[in-house]
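As a plain string of letters, each chain reads:
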Amino acid sequence: MKLGIVGLPNVGKSTLFNSLTKAGAESANYPFCTIDPNVGVVAVPDERLKLLGDLYHSKKVTPAVIEFVDIAGLVKGASKGEGLGNQFLSNIREVDAIVHVVRCFEDSNVIHVDGSVNPLRDIETINLELIFSDLEILERRIAKVAKGARMDKAQGKELEMLNRVKERLEDGKLAIGFETLDEDEEAWFLALNLLTAKPVIYAANVGEGDLADDGAGNAGVAAVREYAKESGSEVFVICAQIEEEISELEDDERQMFLEDLGLKESGLEKLIRASYHLLGLMSFLTSGEDETRAWTIRQGTKAPQAAGKIHSDFERGFIKAEVVNYKDLLDQGSLAAAREKGLVRMEGKDYVVQDGDVILFRFNV
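The notes below deal with the structure included here. (Residues numbered from 1 in each chain as written. Predicted model: local features only at pLDDT ≥ 70, side-chain atom pairs only at ≥ 80, totals over all residues. Heavy atoms only, no water.)

Remarks on the overall build of the chain
- In terms of regular secondary structure, the chain is built from 13 helices and twelve strands.
- Per-residue burial over the chain gives 48% buried out of 365 residues.
- Considering only contacts in the chain between residues 6 or more positions apart, those separated by 24 or more positions represent 68%.
- Approximately 18,100 Å² of the chain is accessible, and the part contributed by carbon and sulfur atoms is 48%. (Helix = DSSP H or I, 4+ residues; strand = E, 2+ residues; numbered from the N terminus. Buried < 20%, exposed > 50% of the residue type's maximum accessible area, 1.4 Å probe, protein only. Contact = heavy atoms within 4.5 Å. Areas by Shrake-Rupley, 256 points an atom, 1.4 Å probe, with all protein chains shown as cover.)

Printed below as a string of structure tokens:
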């Protein structure tokens, strides 16, 4: 999974990126300190892996990972060359979802590019720049398709669809709600890879005092939550400064620090939960002496396609999947014991994989 982090300058975007990835991206109290897109890969915390790894005495434990891409702060007019943001928007066209960091804290020591804190105005500013950037993509595609549209029925159909998308964006609406009429239109629409067609997770960045009650008393957070509800987006509350402190601690110290703050989970864990929920993702597990590993798939994935995540040969030559729930496996202490209790099932190609399934695939190529 790949997530792109966007936001205005000085909203805590790079501070959050640093804390999530420990990649040490430069963070400073002035716009455009992130000159190059920063990329960091983060392991998805999953206690099931350690327990299974211990059970099998695995030589290696490999978690699922998320790749974060942090780009320069966007400002009003970025799509027209203002600031440095627009030249980096291409770096997040390939992401699965966008994490939009929104400032919901007051601090006279931290400059706001528009002079005051107003989360909804800030969201609107970023959305407009993403829309302008998408319009450029659309206009280039329209110019290309229009040449052959008179002679080619399919291109004529695509042109009509492109103009509908363009009209929607020009009305100030995001592409994410655009309804395609058939499979052809859906394929053309997806090929555009529009930024405003991507699902969004809003990271409401608050002061330390608003963290324990999850921003319940913060008017800015309430506004962001209401906005997100209307657009079908996810929201999680963080204090980027606290996250940075957490990221520097060892695991046992981190848990104590979170408890002292009255928190059950870190911002990273909140973000992962939000992104998995938004994108409809889950993990199945494989375990043995060599390796215990988590594999990220979409909910509703059938066994052969899940096998294909490991290797294309597994999908092509799929025969059966030997499946046991990880809790049952841990409770019984071994696969053999779980088999004796009838907890291990042989599933065929129509089996829909469930979160927490431990699977051994049988295949023949």
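Having put the structure on the table, let's press on.
Description of helix α4 (residues 153–170)
- Counted at 1.5 Å a residue, the expected span for α4 with its 18 residues is 26 Å, and the 26 Å between its end C-alpha atoms agrees.
- Looking at α4, one finds that the buried residues are Glu-158, Leu-159, Met-161, Leu-162, Val-165 and Leu-169.
- On its buried side, α4 packs onto α3 (119–149) and α5 (183–192).
- Regarding α4, its N-cap is Asp-152, as a side-chain oxygen of that residue lies 2.8 Å from the backbone nitrogen of Ala-154 further along. (Expected span 1.5 Å × (residues − 1). Polar contact = N/O pair within 3.5 Å; in protein donor to acceptor, adjacent residues only side chain to side chain.)

Some remarks on the pattern of salt bridges
- According to the stated counting rule, one finds 25 salt bridges in the structure shown.
- Where Asp-350 meets Lys-302, a salt bridge forms, and the shortest distance between an N and an O atom there is 3.8 Å. Note that Asp-350 is positioned in the loop between β11 (345–347) and β12 (357–363) and Lys-302 in the loop between β9 (291–298) and α10 (303–310), a separation of 48 residues in sequence.
- We classify Asp-350 as exposed; its relative accessible area is 57%.
- Two residues, Arg-345 and Glu-347, come together in a salt bridge whose shortest N-O distance is 2.8 Å. (Salt bridge = Lys/Arg side-chain N within 4 Å of Asp/Glu carboxyl O.)

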